[in-house]
Amino acid sequence: MKGYFDGASRGNPGEAGAGALLMDDDGNIVWETASFLGKKTNNEAEYRAAILLLKAARERGVKELLMRGDSKLVVSQLSREWKINLPHLRELAAEAWRAAEGMNVKYEWIPRAENKRADRLSNEAIDNAK
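What comes next is a walk through the structure. (Residues numbered from 1 in each chain as written. Predicted model: local features only at pLDDT ≥ 70, side-chain atom pairs only at ≥ 80, totals over all residues. Heavy atoms only, no water.)

Quick look at the pattern of salt bridges
Tallying each qualifying case throughout the model produces 9 salt bridges. With a closest N to O distance of 3.7 Å, Arg68 and Glu114 form a salt bridge. Taken together, the residues Arg68 in strand S4 (residues 64–69) and Glu114 in the loop between strand S5 (104–109) and helix H4 (116–129) connect sequence positions 46 residues apart. Taking relative accessible area as the criterion, Glu114 reaches 45% and is therefore assigned partly exposed. Arg120 is paired through a salt bridge with Glu124; the nearest N and O atoms lie 3.4 Å apart. Of this pair, Arg120 and Glu124 both sit in helix H4, 4 residues apart, which is roughly one turn of that helix. (Salt bridge = Lys/Arg side-chain N within 4 Å of Asp/Glu carboxyl O. Helix = DSSP H or I, 4+ residues; strand = E, 2+ residues; numbered from the N terminus. Buried < 20%, exposed > 50% of the residue type's maximum accessible area, 1.4 Å probe, protein only.)

Here's the deal with the packing of aromatic side chains
The tally for this structure, following the rule as stated, stands at 0 aromatic pairs. We note Arg80 situated over the ring of Trp97; from NZ or CZ to the ring centre the distance is 3.7 Å. (Phe/Tyr/Trp six-rings, centres within 6.5 Å; stacked < 30°, edge-to-face > 60°. Lys NZ or Arg CZ within 6 Å of the ring centre and 35° of its normal.)

Examining the nonpolar core
Core analysis: the biggest nonpolar cluster contains 32 residues, and Phe5, Leu54 and Met67 have the highest contact counts within it. Secondary-structure elements contributing two or more residues to this core are strand S2 (14–23), strand S3 (29–40), helix H1 (42–59), S4, helix H2 (72–78), helix H3 (87–100) and S5. In terms of residue count, the dominant contributor to this core is H1 (9 residues). Listed in part, the 6 residues of the second largest apolar core include Tyr4, Met23, Ala118 and Leu121. (Core = buried A, V, L, I, M, F, W, Y, C linked by side-chain atoms within 4.5 Å.)

Some remarks on the sheet that holds strand S1 (residues 2–11)
The 5 strands lie next to each other as S3-S2-S1-S4-S5, forming an open sheet whose pairing is mixed. Bordering the open sheet on either side are S3 and S5, each of which pairs with just one other strand. Sheet twist, expressed as the average angle between the axes of neighbouring strands with direction ignored, equals 20°. Sheet analysis places S1 next to S4, joined by 4 bridges and oriented parallel. (Pairing = 2+ DSSP bridges. Axes fitted to C-alpha atoms, helices over the stretch in contact; angles between N-to-C directions.)

Things to note about the side chain of Ser76
Structurally, Ser76 is set in helix H2. For Ser76, a relative accessible area of 2% corresponds to the buried category. Within the local environment of Ser76, its side chain forms a polar contact with the backbone oxygen of Lys72, the two atoms lying 2.8 Å apart. For Ser76, the residues in contact, after removing those within four places along its chain, are Glu81 and Trp82. (Polar contact = N/O pair within 3.5 Å; in protein donor to acceptor, adjacent residues only side chain to side chain. Contact = heavy atoms within 4.5 Å.)

Here we look at the side chain of Gln77
By the element assignment, Gln77 lies in helix H2. On the basis of relative accessibility, which here comes to 4%, the residue Gln77 falls in the buried class. When residues no more than four places from it in sequence are discounted, the contact partners of Gln77 are Tyr47, Trp82, Lys83, Ile84, Leu89 and Trp97.

Looking at the environment of Leu65
Along the chain, the position of Leu65 falls in strand S4. Taking relative accessible area as the criterion, Leu65 reaches 3% and is therefore assigned buried. Separated by 38 residues in the primary sequence, Leu65 and Met103 have C-alpha atoms spaced 7.2 Å apart. With residues near it in sequence (within four places) discarded, Leu65 still touches Met1, Lys2, Gly3, Leu22, Leu54, Ala57, Asn104, Val105 and Lys106.

See the structure below:
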């Protein structure tokens, strides 16, 4: 399975949303969400989107997941390539890692242009909350 995630924040911090989707091996969307998050930073929104995706994959019994996102920070921190210096981001990473337990998860950074659907979902979450 492939998953895509994106967080958006209008202001940093500001009104924030998370978008995420799961696709089967044939490219069919099997789950997606646009979740309003309230006031968050962009990095917090990105982490929340990743957590939503991991929890949805776990609930569906996914064993292998390629997680793709356009946040270099979140992808690099969740794959343990970069240190996490901020305590609140460490807590979010720990929540993501707990959600990933029992799954083989690979994290991959992609350019924003390849993450359009998740980006649209994250912005829809903010727009629909107004």
